[in-house]
Amino acid sequence: MDGQKIAKEVYGLAHSKEPVAPLVKEALDVIDQVLDHYGQEHISLSFNGGKDCTVLLHLYAAALAHRVGASQGLKPVPAIYIPVPSPFPELEVFITETSRLYGLDLYTCAPSSDASNRLPVESVTPGIPGTPSGLTNGNGHIKDPLSQPVGMSRGGEGMRRALAIYKERLPHIQAILIGTRRSDPHGATLSHRNMTDPGWPVFERINPIINWSYSDIWAFLKALDIPYCNLYDQGFTSLGSTYNTYPNPALLIPVSGTPSGNSSLPSFTIIAADPSTICFTESSHVSAVPLAMNGHTNHADSSNQPRYKPAYELVDGSLERAGRSSATTAFASHC
Ligand code: ATP
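The rules behind these values
- Residues numbered from 1 in each chain as written.
- Predicted model: local features only at pLDDT ≥ 70, side-chain atom pairs only at ≥ 80, totals over all residues.
- Heavy atoms only, no water.
- UniProt positions renumbered as here; feature names shortened; annotations may be inferred.
- Near = heavy atom within 4 Å.
- Polar contact = N/O pair within 3.5 Å; in protein donor to acceptor, adjacent residues only side chain to side chain.
- Areas by Shrake-Rupley, 256 points an atom, 1.4 Å probe, with all protein chains shown as cover.
- Helix = DSSP H or I, 4+ residues; strand = E, 2+ residues; numbered from the N terminus.
- Nonpolar A, V, L, I, M, F, W, Y, C, P; charged D, E, K, R; others polar.
- Buried < 20%, exposed > 50% of the residue type's maximum accessible area, 1.4 Å probe, protein only.
- Pairing = 2+ DSSP bridges.
- Axes fitted to C-alpha atoms, helices over the stretch in contact; angles between N-to-C directions.
- Phe/Tyr/Trp six-rings, centres within 6.5 Å; stacked < 30°, edge-to-face > 60°.
- Lys NZ or Arg CZ within 6 Å of the ring centre and 35° of its normal.

Per an unreviewed UniProt entry, the protein chain goes by the name FAD synthase and belongs to Serpula lacrymans var. lacrymans. Quoted straight from UniProt, the Catalytic activity (unreviewed entry) entry for the protein chain says "FMN + ATP + H(+) = FAD + diphosphate".

If you want it as structure tokens, here you go:
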């Protein structure tokens, strides 16, 4: 990775006339303040491979390279990743590659395989918007959502425990950069800098892109040609577990081949989903689409398979999480 090139491009964008420029500058200023306050060795970056923390990582790399100048290389960047139950394999590959590319010193707080001591990482909330009581199996029978093997607890307990472990292992880390935006669950009341809530391991949460919108994220990624997880090119607009994350129905390309409008949800509605099947309904037409083994759609170019536009074509950012059930991000709400 050429840090100086990244810095030149990012700072160039910040001082350009592009609409996203003021937000880039704002984020760089926040990162600079925090670097002045704590020093790089006391700051970690929360990275789960999603688009928002991919933007944040690139901004952070630019800010670090800007400080050290061309003659010095970048020091490893402390980072934390807390895997959700059943993560997307593509996402994990992206995390590994990105970690190498940007020189992350990534601490993966993985769930224990010992069930009695399993880390209840951020829960995967069963239940699909538009369904009255939760998930159905491939035969259309309602499953008890609580019987889903998706998380050991609800809310942010898993995240809290993961951060407690991180604090114990790396006590010198005092601040965590987070890719939360105001439109995220629980993001509305956050500012650029917030301490963790009482009862949580003590860190300062740094939210440099809190004021960015969905379209700002894509404008930045596209303007600088930044690598992002390939699931976003398959219609996913926000990534969680394979148990609760699907391509965004607003990006579904109707079988007729005529792309639906971006500004509102098409008439397709998810009526049921589980890790092996997802069903859509449009008027009287109902189709059950088998999912790949890892829990997401097979995007082979077949007339039977649903096809989706890429995430950056979603115009209405309020539909960003239309492909997810109601999982929330504990990083945003507490830590
Ligand atoms: P997307 O919404 O497309 O999945 P994202 O994962 O970057 O993108 P959020 O899910 O809204 O965004 O999460 C906000 C931020 O919280 C992330 O950018 C990341 O910094 C942090 N975060 C969330 N979950 C995790 C996790 N499991 N491990 C590490 N960091 C996380």
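We are not done yet, so read on.
> For this particular structure, what's the right way to read the site of the ligand?
Neighbouring residues of the ligand: 22 residues in total, closest Ser-46, Lys-51, Ile-82, Tyr-232 and Leu-239. The contact in question runs from a nitrogen atom of the ligand to an N or O atom on the backbone of Ile-82, over 2.6 Å. Ser-238 has a polar side-chain atom sitting 2.9 Å from an oxygen atom of the ligand. Coverage of the ligand by the protein amounts to 97% of the 580 Å² it exposes when considered alone. For the shell around the ligand, the elements supplying multiple residues, two or more each, are helix H3 (51–68) and strand S2 (77–81). With three residues, the single largest contributor to the shell around the ligand is H3. Tallied by class, the residues present in the shell around the ligand amount to nine nonpolar, eight polar and five charged.

> In this structure, what is going on with unusual backbone geometry? I would like to understand it.
Most peptide bonds adopt trans geometry, and most residues besides glycine take a negative phi value. The backbone of His-186 shows a phi angle near 70 degrees, a positive value even though the residue is not glycine. If you trace the backbone, His-186 turns up in the loop between strand S4 (175–177) and strand S5 (193–195). On the accessibility criterion, His-186 (46% relative accessible area) is partly exposed.

> Please explain the sheet that holds strand S3 (residues 104–108) as it appears in this structure.
Strand pairs in the sheet, formed through backbone hydrogen bonds, run parallel or antiparallel to each other. A sheet is described by the order of its strands in space; here six strands give the open sequence S3-S2-S1-S4-S6-S5, paired in mixed fashion. Where the open sheet ends on each side, the last strands, each with one partner, are S3 and S5. Mean inter-strand twist for the sheet, computed between neighbouring axes without regard to direction, equals 30 degrees. In terms of strand pairing, strand S1 (residues 43–46) meets S4 through three bridges, oriented parallel.

> Sorry, what's going on with the packing of aromatic side chains here?
For any pair of aromatic rings, the description rests on two quantities: the centre-to-centre distance and the angle between the ring planes. All chains considered together, the criterion is met by nine aromatic pairs. Seen in terms of ring centroids, Trp-218 and Tyr-228 are 4.9 Å apart; in terms of plane orientation they differ by 85 degrees. Their pairing is edge-to-face. One end of the pair, Trp-218, is in helix H6 (residues 214–223); the other, Tyr-228, is in the loop between H6 and strand S7 (252–253), with 10 residues separating them in the sequence. Among the residues examined, Tyr-228 registers a relative accessible area of 16% and is labelled buried. An aromatic cluster of at least three residues, connected via ring pairs, comprises Trp-218, Tyr-228, Tyr-232 and Tyr-312. Above the face of the Tyr-312 ring, Lys-222 is positioned so that its terminal group lies 3.9 Å from the ring centre.

> What is the right way to read the environment of Ser-213 from this model?
When you line up the elements, Ser-213 lands in the loop between strand S6 (204–206) and H6. Among the residues examined, Ser-213 registers a relative accessible area of 28% and is labelled partly exposed. A C-alpha to C-alpha distance of 7.9 Å links Ser-213 and Arg-182, two positions 31 residues apart in sequence.

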